[in-house]
Amino acid sequence: DAEITQSPRHKITETGRQVTLACHQTWNHNNMFWYRQDLGHGLRLIHYSYGVQDTNKGEVSDGYSVSRSNTEDLPLTLESAASSQTSVYFCASSDLQTNTGELFFGEGSRLTVL
Amino acid sequence: SQKIEQNSEALNIQEGKTATLTCNYTNYSPAYLQWYRQDPGRGPVFLLLIRENEKEKRKERLKVTFDTTLKQSLFHITASQPADSATYLCALSISGGYNKLIFGAGTRLAVHP
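If you're wondering where the values come from, they're calculated on a predicted model, not measured in any experiment.

Thresholds applied
The residue numbering used here restarts from 1 in each chain and proceeds along that chain's sequence as written. For naming, the first written chain is A and the first written ligand is 1, with later ones following in the order written. With the structure being a predicted model, the display of local features is reserved for residues of pLDDT at least 70 and the display and counting of side-chain atom pairs for 80 or more, all residues being used for whole-chain, interface and lining totals. Hydrogen atoms and water are omitted, and side-chain values are computed over all heavy atoms in the structure. Each helix is a run of DSSP H or I of at least 4 residues and each strand a run of E of at least 2, with the numbering of both proceeding from the N terminus. Using C-alpha atoms as the atom set, the radius of gyration is obtained and then compared with a globule rule of 2.2 Å times the number of residues to the power 0.38. Burial classes: relative accessible area under 20% of the type maximum marks a residue as buried, over 50% as exposed, and values in between as partly exposed (1.4 Å probe, protein chains only). The criterion used for residue contact is that any of the two residues' heavy atoms lie within 4.5 Å. Computed with a 1.4 Å probe, the accessible areas rest on the Shrake-Rupley method; for each residue, only the protein chains presented here act as cover. Strands were regarded as paired on the criterion that DSSP finds at least two bridges between them. Note on method: axes are straight lines fitted to C-alpha atoms, helices fitted across the in-contact stretch only, with angles between N-to-C directions ranging 0 to 180 degrees. We call a set of buried Ala, Val, Leu, Ile, Met, Phe, Trp, Tyr and Cys residues a nonpolar core when their side-chain atoms join them within 4.5 Å.

Caption draft 1: The overall build of chain A, seen in detail. When you go through chain A residue by residue, the secondary structure sums to zero helices and eleven strands. Going from the N terminus to the C terminus, chain A shows its helices and strands as β-β-β-β-β-β-β-β-β-β-β. Taking 13 Å as the expected radius of gyration for a compact globule of 114 residues, we find that chain A reaches 13 Å, a close match to that expectation. Each principal axis of the C-alpha atoms in chain A carries an extent, and together these give about 40 × 30 × 25 Å. Counting only residues that meet the buried cut, chain A has 46% of its 114 residues in that class. Of the contacts made within chain A by residues no fewer than 6 positions apart, 53% connect residues no fewer than 24 positions apart. Total accessible area computed for chain A in this model is approximately 5400 Å², and 46% of it derives from carbon and sulfur atoms.

Quick look at the structure:
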């Protein structure tokens, strides 16, 4: 079955370290998204991509970067982790062809920055 | 600024009753609205989409309404079951890109036997 997987599921790091969260989908979807989820806030869009070599900033992109070198993967990099980036991160993908526009989410990566 | 509001307080109901969750928004004219279910420690799962020109959409025990004048969507679960206990998120499409969504913070539903 097609799926979307995130790794690691849990990570603890220190302030100032570079961290990369992996996202891999086997749906062959063109669209991929990274969100963060914090208590009291909805999912907030960090970065998104509509295809290989395409990346775009979301509403909370400062301190994050992504790259899209193939259809399956959209890794999220925190260049220099800050305590404010402690959060649960969700990757999602969607099919350009579907008329529902539904997002398929991974199980999340919980990041703690000490 | 654009804003989505969902009841932050948990909704507690008795099994068999209808649960009604509210999603209000301001400063938007979304082309469509979606509802997702999220269980603790899991990613959200898509439930329903309703477009701006649709008043109501149904799927099994679920019903969604969309009032673009009131800027409100209502999400109903009829004949609720304890297995329906979860957090429900509404999401609105925003302009400037395909599939770009803005999410509410969600409402936690607890269905008691």
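Read on, since the account is not over.
Caption draft 2: Structural view of the sheet that holds strand β6 (residues 56–59) of chain B. Residues and elements named next belong to chain B. Ordered by their spatial adjacency, five strands build an open sheet running β1-β3-β8-β7-β6, and the pairing between neighbours is antiparallel. For this open sheet the edge positions go to β1 (3–6) and β6, each flanked by a neighbour on one side alone. On average, each strand axis in the sheet is tilted by 15 degrees relative to the strand beside it, whichever way the strands run. Bridging between β1 and strand β3 (residues 19–26) involves four bridges; their strand directions are antiparallel. Its bridge partner lying in β3, K3 is registered against T26.

Caption draft 3: Expanded view of the nonpolar core. Counting residues in each nonpolar core, the largest one holds 25 residues, and the members touching the most others are I4, W35, F75, Y88 and L92 of chain B. For this core, the secondary-structure elements that each account for two or more residues are β3, β4 (32–38), β5 (45–51), β7 (62–67), β8 (72–77), β9 (86–93) and β11 (107–112) of chain B. Among residues more than four places away in sequence, those in contact with Y88 of chain B are Q6, L21, W35, Y36, R37, L47, F75, I77, G106, T107 and L109 of chain B. L43 and L103 of chain A together with L49 and F103 of chain B belong to the second largest nonpolar core, which has 18 residues in total.

Keep in mind that these numbers describe shape and distance, not what the molecule does.
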